Amino acid sequence: MSEQQHRSGFVTFVGRPNAGKSTLMNALVGEKIAITSSKPQTTRHAIRGVVHRDDAQLVIVDTPGMHKPRTLLGKRLNAVVQTTLGDVDVICLCIPADEPIGPGDRFIDQQLEGFPRARKVAVVTKTDAASKQRVAEQLLAVTGLREWDAVVPLSSLRGTQLDVLVDQLVALLPEGEPLYEAATTTEEPLSVRIAELVREAALEGVRDELPHSIMVTVDDIVEREDRELVDVYANLWVERDSQKGIIIGHRGSRLREVGADARAEIERLVGKQVHLDLRVKVAKEWQGDPKQLGRFGF
Ligand SMILES: Nc1nc2c(ncn2[C@@H]2O[C@H](COP(=O)(O)OP(=O)(O)OP(=O)(O)O)[C@@H](O)[C@H]2O)c(=O)[nH]1
């Protein structure tokens, strides 16, 4: 194949919280990069995953869910979305098959008008969770929103139609050389990926406003010289003392569970045994504090 025919470019997935964007990106990249959870607004960073093919390279940028900002963190997250969308070749709007199209979807669809350069693809996600008829109705409803460059129904969970989406996306990319080396699946530094795995474990089973209050930082990752062992020093931040109690649980039982879950995922990532030193700390109302936000990398 000549260099000319190779295609490469940037694709992003937008959609209301819980639409299945992160799960889809992980399924496409074939490796756990963005963390997923049933809590809305799990994604906080613009994360890149890379899909490699002989004839193309798709760089996927994951964005936080678009929403009306309530906190300073919310505002900064929306700014990340705006910058990301101005910069990509294809924007995919994800709409779950198992829920009717609502004001949230329409709001985001309208925002797409602001990015005329990008090609636009509708992805109907979670087809496994809806009947055939429901999927067909949803496809019709989605088609009514605007003129799309492609409309693809799929299930990330079952892995159905993922190849169809990739084919469609590749066809919409400009011709160009690969942007990343073949072995690269993400640009995220190891410390960030580890912090996200700890946050994912901590999100399991927490409710109400607590999910948004959780932040994880990694102080140090130390490889032992004498053994195949990695020491990870991480902090789990919450906004209030009462939240600290919830995270730690009765006699530390919840924290131990979170640590064990996170450790298993980190071991899978680094391919070595891991010792996880996890401390719970309070950063008072960090979501509204510019100094704290800066410290957490927002
Ligand atoms: N049945 C089914 N569930 C799915 C599928 N894809 C995602 N989900 C579930 O939907 C929920 C939300 O998925 P995410 O990928 O975190 O959604 P998101 O759009 O990235 O969410 P935010 O980060 O909040 O913007 C999770 O509970 C997933 O397991 C799918 O193909 N089928």
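Values in this document were obtained by computation on a predicted structure and should not be read as measured data.

Chemist: Please clarify how the packing of helix H6 (residues 190-203) against helix H9 (residues 253-270) should be interpreted in this entry.
Modeler: Relative placement of two packed helices is described by the angle separating their axes and the distance separating the axes. Two elements in contact, H6 and H9, have axes whose closest approach is 8 Å; the angle formed by their N-to-C orientations is 145°. Once H6 is placed against H9, the crossing between them reads as right-handed. Residues Arg 193, Ile 194, Leu 197, Val 198, Ala 201 and Ala 202 of H6 pack against Val 258, Asp 261, Ala 262, Glu 265, Ile 266 and Leu 269 of H9. A breakdown of the residues in the contact of H6 with H9 according to their chemical character gives 9 nonpolar, no polar and 3 charged.

Chemist: Is there a simple way to think about the nonpolar core in this case?
Modeler: Formed by 35 residues in total, the largest nonpolar core has its most connected members in Ile 60, Val 90, Ile 91, Cys 92, Leu 93, Cys 94 and Val 123. For this core, the secondary structure elements donating two or more residues are strand S1 (7-14), helix H1 (21-29), strand S3 (56-62), strand S4 (90-96), strand S5 (119-125) and helix H5 (162-172). By residue number, the principal contributor to this core is S4, which donates 6 residues. The contact partners of Val 123, leaving out residues within four places of it in the chain, are Cys 92, Leu 93, Cys 94, Val 152, Leu 154 and Leu 165. Residues Ala 195, Leu 236, Ala 262 and Trp 286 belong to the second largest nonpolar core, which totals 25 residues.

Chemist: I'm lost on the sheet that holds strand S7 (residues 215-223) in this one. Help?
Modeler: For sheets, the rule is that strands pair by backbone hydrogen bonds, running either parallel or antiparallel. Taken in spatial order, the 3 strands make up an open sheet running S7-S8-S9, and their pairing is mixed. Edge positions in the sheet fall to S7 and strand S9 (273-282), since each has one partner strand and no second. On average, adjacent strands in this sheet sit at an angle of 20° to one another, irrespective of strand direction. Looking at chain direction, strand S8 (residues 229-238) and S9 are connected through 10 bridges and run parallel. Across the sheet, the residue bridging to Val 238 is Val 282, located in S9.

What counts, and where the lines are drawn
- Residues numbered from 1 in each chain as written.
- Predicted model: local features only at pLDDT ≥ 70, side-chain atom pairs only at ≥ 80, totals over all residues.
- Axes fitted to C-alpha atoms, helices over the stretch in contact; angles between N-to-C directions.
- Helix = DSSP H or I, 4+ residues; strand = E, 2+ residues; numbered from the N terminus.
- Left-handed = near helix turned anticlockwise from the far one by under 90°.
- Contact = placed C-beta atoms within 7 Å.
- Nonpolar A, V, L, I, M, F, W, Y, C, P; charged D, E, K, R; others polar.
- Core = buried A, V, L, I, M, F, W, Y, C linked by C-beta atoms within 7 Å.
- Buried ≥ 20, exposed ≤ 12 C-beta atoms within 10 Å, placed from the backbone.
- Pairing = 2+ DSSP bridges.

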